[in-house]
Amino acid sequence: FVSPSNGGIPAPLQKGIFAACPKATFHGLDDQWNHCELIVMGDEYAIHKLNGKVVNLVTQLGVAQGPIALETETGEIFWRNLVIQEFDQSVPMEQFLK
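Scope of this entry: the structure provided in the associated data block. The shown structure was predicted, so the numbers you read here are calculated from the model rather than taken from an experiment.

Focus: a nonpolar patch on the surface
Phase 1 of the analysis: Taken together, the side chains of Leu-70, Ile-77, Trp-79 and Leu-82 present a nonpolar region at the surface, about 410 Å² in accessible area.
Phase 2 of the analysis: With respect to the element layout, Ile-77 can be found in the segment after strand E5 (53-59).

Comments concerning the environment of Ile-47
Phase 1 of the analysis: If you trace the backbone, Ile-47 turns up in strand E4 (residues 45-50).
Phase 2 of the analysis: Taking the relative accessible area as the measure of exposure, Ile-47 reaches 2% and is therefore buried.
Phase 3 of the analysis: Once you skip the residues sitting within four places of it in the chain, Ile-47 turns out to touch Glu-37, Leu-38, Ile-39, Val-54, Asn-56, Leu-57, Met-93, Phe-96 and Leu-97.

Things to note about the nonpolar core
Phase 1 of the analysis: Listed in full, the nine residues of the largest apolar core are Ile-39, Met-41, Tyr-45, Ile-47, Val-54, Leu-57, Val-91, Met-93 and Phe-96.
Phase 2 of the analysis: If you list the elements that add at least two residues to this core, you get strand E3 (36-41), E4 and E5.

Calculation criteria
- Residues numbered from 1 in each chain as written.
- Predicted model: local features only at pLDDT ≥ 70, side-chain atom pairs only at ≥ 80, totals over all residues.
- Heavy atoms only, no water.
- Patch = residues over 30% accessible without salt bridge, like charges linked within 9 Å, V, L, I, M, F, W, Y side chains within 5 Å.
- Areas by Shrake-Rupley, 256 points an atom, 1.4 Å probe, with all protein chains shown as cover.
- Salt bridge = Lys/Arg side-chain N within 4 Å of Asp/Glu carboxyl O.
- Helix = DSSP H or I, 4+ residues; strand = E, 2+ residues; numbered from the N terminus.
- Buried < 20%, exposed > 50% of the residue type's maximum accessible area, 1.4 Å probe, protein only.
- Contact = heavy atoms within 4.5 Å.
- Core = buried A, V, L, I, M, F, W, Y, C linked by side-chain atoms within 4.5 Å.

Here it is, written out as structure tokens:
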């Protein structure tokens, strides 16, 4: 992922920005845990970080609220140390892209 401010080219959808990192480093079958952060700010934006690196960024989501769900595909997954933090007001996405 390269942010638009650093020369990244957003892929246009119906509206907003969708950008993804083509090669994300992750721990698989090496007895280490991955650290995943999901930041969702209402319908403004969502950021997915994997091991400290932004791997997905989406703006203008179209849905402001809903259930939280954890999904896995094609295999077993283990979760630990889940933390949910609510914000009283919107936080600019630039704070999470540092």
